[in-house]
Structure formats: C-alpha cells, structure tokens
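Listed below, chain by chain, are the residues.
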Amino acid sequence: MNYRIRMRNLREDHDLTQKEVGAVINKSQQGYSHIEDGRAELKIDDMIKLCRFYKVSADYFIGLTDTP
C-alpha cells in the first residue's frame with residue numbers, strides 16, 4: 001500500500017481535515033494536500049510526527065504491515 005493512501009485513510013478515519021493534520025507537521029492545508037496527492041514528498045521527520053500523532057508504527061504507516 002502506498003503511504004499516501006494510508007495518510008488519507010488515517011486522516012479520514014479520525015474525521016480530521018487536511019488543515020488540522022497539516023498543523024501537526026507545520027504545513028498549510030495546501031502543503032499537506034500536495035503531500036497527500038503526490039505533488040510533494042513527505043519528510044521522514046514529518047512521518048515520525050504523524051506516526052506519533054496517530055499512535056501507529058512506521059511500518060503500518062508505509063504499508064509494510066496491516067497492524068497499527
């Protein structure tokens with residue numbers, strides 16, 4: 001599974017907007033949207049912040065496992 005799909009699924013499962021999750025990694029709604037849509041890359045530091053925010057492992061986040 002592509003990490004962008006997992007990003008979107010996690011955000012939607014938590015009923016959050018792109019703006020709300022973007023604030024977690026210090027990005028605007030548009031900046032976050034670009035990452036989710038594949039127009040920009042997610043930095044490893046930001047991935048770590050999102051994993052901590054959602055309380056999931058990095059392996060789950062990038063799609064290596066289906067167990068959070």
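This text gives an overview of the structure that appears in the document.

Scoring rules and cut-offs
Residue indices begin from 1 for each chain and proceed along its sequence in written order. Where local features are concerned, this predicted model is filtered to residues with pLDDT of at least 70; where side-chain atom pairs are given and counted, the filter is 80 or more; whole-chain, interface and lining totals use all residues. Hydrogens and water molecules were not included; the side-chain quantities draw on all heavy atoms of the structure. Exposure is judged per residue with a 1.4 Å probe applied to protein chains only, and the accessible area is read against the type maximum: over 50% gives exposed, under 20% gives buried, and values in between give partly exposed. The numbering of helices and of strands both runs from the N terminus, where a helix is a DSSP run of H or I of at least 4 residues and a strand a run of E of at least 2. Note: the arc covers the axis-to-C-beta directions of the helix. Between two residues, a contact is recorded if the distance between any of their heavy atoms is within 4.5 Å. What makes a salt bridge here is a side-chain nitrogen of Lys or Arg within 4 Å of a carboxyl oxygen of Asp or Glu, nothing more.

### Here we look at helix H3 (residues 29-37)
- Taken as a whole, H3 has its buried residues at Tyr 32, Ser 33, Ile 35 and Glu 36. Projection of H3 onto a plane perpendicular to its axis shows the buried side chains occupying an angular sector of 160°, all on one side.
- Against the buried residues of H3 lie helix H1 (3-13) and helix H2 (18-24).
- Just downstream of H3 lies Gly 38, where phi reads positive at about 90°.

### Details of the pattern of salt bridges
- By the definition in use, this model includes 7 salt bridges.
- Notably, a salt bridge pairs Arg 11 with Glu 36, separated by 2.9 Å at the nearest N-O pair. Of the two residues, Arg 11 is situated in helix H1 and Glu 36 in helix H3; the sequence distance between them amounts to 25 residues.
- On the basis of relative accessible area, Glu 36 is assigned to the buried category, the value being 4%.
- Where Lys 27 meets Asp 46, a salt bridge forms, and the shortest distance between an N and an O atom there is 3.8 Å. One end of the pair, Lys 27, is in the loop between H2 and H3; the other, Asp 46, is in helix H4 (residues 44-54), and 19 residues separate them in sequence.

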